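Listed here are the chains, written in short residue letters.
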Amino acid sequence: MSGQIQIKERKKWSDVFCEPEEEKGRDISPELLGKYGDILSDAVRLLQSEMNRVRDYCVSPFSSGTGKELAGFDEPAFFTELADQIPSKLASLNLFVRPFRKYCRTCLITDVEIEKLAWSDHKHYCRKMISAGWKYGKKLDVGSKTDPSLGAFNMLPPKKRRYFKEINHSIPVMLKKTGLEIFRKEEISVIDERLIKKLARAIHSRYLFELKKELAEHLENHEDSVFSRGYDVNNKNLPQFDDLPDDIRFSNLDNAFHIPAKLLAIGFRIRPVKKGYRTFTLHLNNNEIETMAMLEHIRWCWDKRLNGWVYGTRKDVDGRRHPDLVPYEQLPEASKEIDRDLVKTIPALLQDIEYEVYPVNPGHLRKLSYAIKPQSVIHRILNETRELNEQIRKLVSLTPEVENMVSIRNRKIEEAIVEIEGNYNYASYIQETFLPDDLFIRECFPDSFVLFKPKDIVSGDFYFFSRQDNYVVFAAADCTGHGIPAALLSIIGYGILDQAVNELKMTYPPDILNHLYVKLHRFLRRDEECTGISDDLDIALCSLDKETNRLCFSGVANPVFIIRDKKLIECRAGSIIDGLDPTPAASFVPERIDLKAGDVIYLFSDGYADQFGGRCHKKYSTGRFKSLLLEIQEYPMPEQSDRLYEEIENWREENKEDQTDDILVIGIRV
C-alpha cells in the first residue's frame, strides 16, 4: 500500500465480516449479530481499556500533563469515532474479520501499514483540535490553546507517535476479546488442519534443537539467551509439544498456518506434488530468507500482542513485556537470527508433507520438481509392450480379423499388467502407512533427511524411528532381495522392531537386535532343516541419548558413517550371526560414540553404492559414495538429499541403466 490512506466512504461491519467458511465479505447473519451483539460499543470500551494499559510507554497527545484532558477535547467521543472507523481501516488494507474457534490466528499487518493508519488517526486528531480552536505551538499552553502535537506526524516525540500506533495495534487485540479474528484472504492456508498440527510439532522440535545447541555453547547469561522468547532457558527439562502452555502451542500452530503467506511474500504459492513426482527442495537465497524472516517477526509480534504482551525495555514474563516488540529493522542481530533459522526450515517441511512451491508469475521459470522415471519391471514391461505393438503395426499390414485378434490379446496383456501394477501400488501404500511419518522424523531430528527409492514400487529396505523418553531409536535395514518378497520380509522386520522398542520399551541396540533376530528366525523357521527360509536382513541400528548426545550403535553388515570436521569416521558393524540358532545378545557388539554439535550421521543400505551406471557400466562404489558425502557437507540436509538423488540418477542415466536395487540413505545432523 502506498500513498495517503483515504477513507472515501464509511464502511459498515457487515462489509468486512465473513462467516467462518467464507473467503470474502458477506452480510452478518442474524444469528451472528445476536451472538456478538453491538460490536461498536464493545470496540469503544475495549480500545479505551487497551490504551490505558500501555500509557506508561506512550503518551496521549490530548493530555495536559496534569491528569486532565485538554479543554475542548472529548476523549470518549474521540474513541467512539476511532472505533467507528475500524471497518474502513480494515477495508483499506483488504482485511476481513470472522469468528474464530479454538484460537485467534495472527493477522499480518505490516509496520508500514500501521504507520499510515497512525498518520491518518493523527490527522483526524488535528482536525478535531483545530475545530475546537486550538493551533500549533512549540509548547503546550492551555490558555492560548497551543499544542505541539498539531504539527507533522513524523515530528512528534517518539512516545506520542507511538500512541497513535498503539491505537491500531490494539484493534486486533480488542476484536479478539469479542471473539473475532482479522485475516487476509490471500493468507488462507491450503494445508489442511491435520498437516498443520504435524508441522507445528516439527517447528517446535526445531526450536528445541536450536535452543539446546545454544545451551551447549555455555552462554554467559542464559536469561538473555537469543532463544529465550518462549520460556525460561535455564530449565533443561524443556517441554515437548503436548506439554506446552496454550499460548506457545497455538503460536507454533499459527507459524505453520502462515507458511503459505511467507512464501507468497517472495512470489510463491504451494500445492500438493502430483503423484509420480518427487519434491525438490526450494533453495532460498539471502534476500528471500530476509524477507520471510521479516514476515515471521511480524507474525510473532502480533501473536504476542494478541496474547496480552506489550513492548518493554526488558523481558518480563509476569508483566508480559518484551523488548523485541519493535519493527524488524530495530531488532538486534541475534534476534533476527531466530526468525532466519525458522524460515530456513520451511523448504524441508514442505518436502516432508509432499508439497511444492510454484511461482505466482508463470513466466518465472524455476526447477521445483521433476518426474521420477518409471524404473520398476512392471512399468518397463508395459512400456516395452506398447512400443512393440507400435513397431509391429509400422512393419506389417494386418487384415482386419488379425488386427482384431492382436488388439484383444494386447488389451488382455495390458489389463493384466495394469492389475498387477495396481496391486503393487496398493502394497506400496500399505508400506508407506507403517513407515515413520516424515514430520515425525523431523520432530525427532529437525536437521535430517531420508532418501528412499524402491526399485520395484515396494521395497525390501525400510527405516525405523521411535522416541522413548530422551532416547531416539533409529535404523536403516536391508532385507534380502527386492520387490514383493523383500517387502513382505520388511513388514515382518519392522513389526518386530516396533514391538521391541514401542511395546517392550527397549533402547539398548544389542537387546533390540537380539529380540529382532530371534523372532525373525523363528518366524522364518530358520531352525528347521529343509523347511526354513534362508532370507535375512542387514541392519544399522542406533540409539541416541538426546540429553548427552551419546550414540550407541550396533548392526549386522551395515556400517554407520559419521562426518566430523570434514573427516569421515566409519563405524563398522561388529556383530556376527553364526548358524541358524537363536542369536545370544553377546553376539551383537555395541559401539558408543560421544557426538559433538555439527556431527552428521549417515545410515544406508547397499543400494546406492551398488547402483550400476557411468560410461563403463560399473558400480557407483562405496569409495565414491564416501567422497560425495564429504563434498556435500556444506549444504543443508534437505539439499543434501536432492544432491544425492540427482547424482545417482545421473550416474544411472549415463549408460541407460535400470535401478539395480532399493536405495535408502538417512542423514542426521546433530
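Just so we're clear, the structure is a prediction, and the values are computed from it rather than from any experiment.

This brings us to the confidence of the model for the protein chain. Mean pLDDT over the protein chain works out to 79, with 79% of the residues at or above the 70 mark. Here strand E10 (residues 369-371) stands out as the element of the protein chain with the lowest mean pLDDT, 29, in contrast to strand E19 (residues 600-604), whose mean of 97 is the highest. Below a pLDDT of 50 lies the segment residues 218-235, which in the model reaches 52 contacts outside its immediate sequence neighbourhood of four places, other chains included. Scored below 50 in pLDDT, residues 579-586 shows 13 contacts in the model against residues more than four places distant or in partner chains.

So, on to helix H19 (residues 622-631). Burial in H19 covers these residues: Phe625, Leu628 and Leu629. Down the axis of H19, the buried set is contained in an arc of 100 degrees. They therefore lie on one face. Buried positions along H19 lie against strand E16 (560-564), E19, helix H20 (637-654) and strand E22 (663-669).

Turning our eyes to something else, we now look at unusual backbone geometry. Backbone geometry places Ala557, a non-glycine residue, at a positive phi of 75 degrees. By the secondary structure assignment, Ala557 is in the loop between strand E15 (550-556) and E16.

Turning next to the pattern of salt bridges. For the structure shown, the criterion picks out 29 salt bridges. Here Arg340 makes a salt bridge to Glu337, at a shortest N to O gap of 2.7 Å. Taken together, the residues span about one helical turn, with Arg340 and Glu337 both in helix H12 (residues 333-344) at a distance of 3 residues. Salt bridges sharing partners connect three or more residues here, namely Lys453, Glu649, Arg652, Glu653 and Lys656.

When you line up the elements, Ile512 lands in helix H18 (residues 509-523). Ile512 sits in the buried class, given a relative accessible area of 0%. Expressed as a C-alpha distance, the spacing of Ile512 and Ala500, which sit 12 residues apart in the sequence, is 6.0 Å. If we ignore the near neighbours within four places in the chain, the residues touching Ile512 are Val473, Leu497, Ala500, Val501, Met506, Thr507 and Leu541.

Bringing the sheet that holds strand E18 (residues 591-594) into the picture now. Here we have 5 strands laid out as an open sheet, ordered E12-E13-E14-E15-E18, and antiparallel in their pairing. The sheet is open, and its two edges are formed by strand E12 (461-468) and E18, each paired on a single side. Within this sheet the neighbouring strands show an average axis-to-axis angle of 15 degrees, counted without direction. Two elements, E15 and E18, share 4 bridges in a ladder whose sense is antiparallel. Paired with Phe553 across the two strands is Glu591, which belongs to E18. Here helix H17 (residues 483-503) sits on the sheet in contact with E12, strand E13 (471-479) and strand E14 (537-545), set at roughly 10 degrees to E12.

On to the sheet that holds strand E17 (residues 567-571). Ordered in space as E11-E22-E19-E16-E17, the 5 strands form an open sheet in which the pairing is antiparallel. The open sheet has two edge strands, strand E11 (448-453) and E17, and neither has a second partner. Taken over all neighbouring pairs, the strand axes of this sheet differ in orientation by 15 degrees on average, direction set aside. Direction of pairing for E16 relative to E17: antiparallel, over a ladder of 5 bridges.

Running from amino to carboxyl end, H17 crosses H18 at an angle of 140 degrees, the nearest separation of the two axes being 9 Å. Taken as axis vectors, H17 and H18 run oblique relative to one another. Both H17 and H18 take part in a crossing whose hand is right-handed. Across the interface between the two elements, Leu489, Ile492, Gly493, Ile496, Leu497, Gln499, Ala500 and Val501 from H17 touch Ile512, His515, Leu516, Lys519, Leu520 and Phe523 from H18. In the contact of H17 with H18, the residues fall into 10 nonpolar, 3 polar and 1 charged.

Thresholds, definitions, all that
- Residues numbered from 1 in each chain as written.
- Predicted model: local features only at pLDDT ≥ 70, side-chain atom pairs only at ≥ 80, totals over all residues.
- Heavy atoms only, no water.
- pLDDT = per-residue confidence, 0-100.
- Helix = DSSP H or I, 4+ residues; strand = E, 2+ residues; numbered from the N terminus.
- Contact = heavy atoms within 4.5 Å.
- Buried < 20%, exposed > 50% of the residue type's maximum accessible area, 1.4 Å probe, protein only.
- Arc of directions from axis to C-beta.
- Salt bridge = Lys/Arg side-chain N within 4 Å of Asp/Glu carboxyl O.
- Pairing = 2+ DSSP bridges.
- Axes fitted to C-alpha atoms, helices over the stretch in contact; angles between N-to-C directions.
- Parallel < 35°, antiparallel > 145°, perpendicular 65-115°, else oblique.
- Left-handed = near helix turned anticlockwise from the far one by under 90°.
- Nonpolar A, V, L, I, M, F, W, Y, C, P; charged D, E, K, R; others polar.

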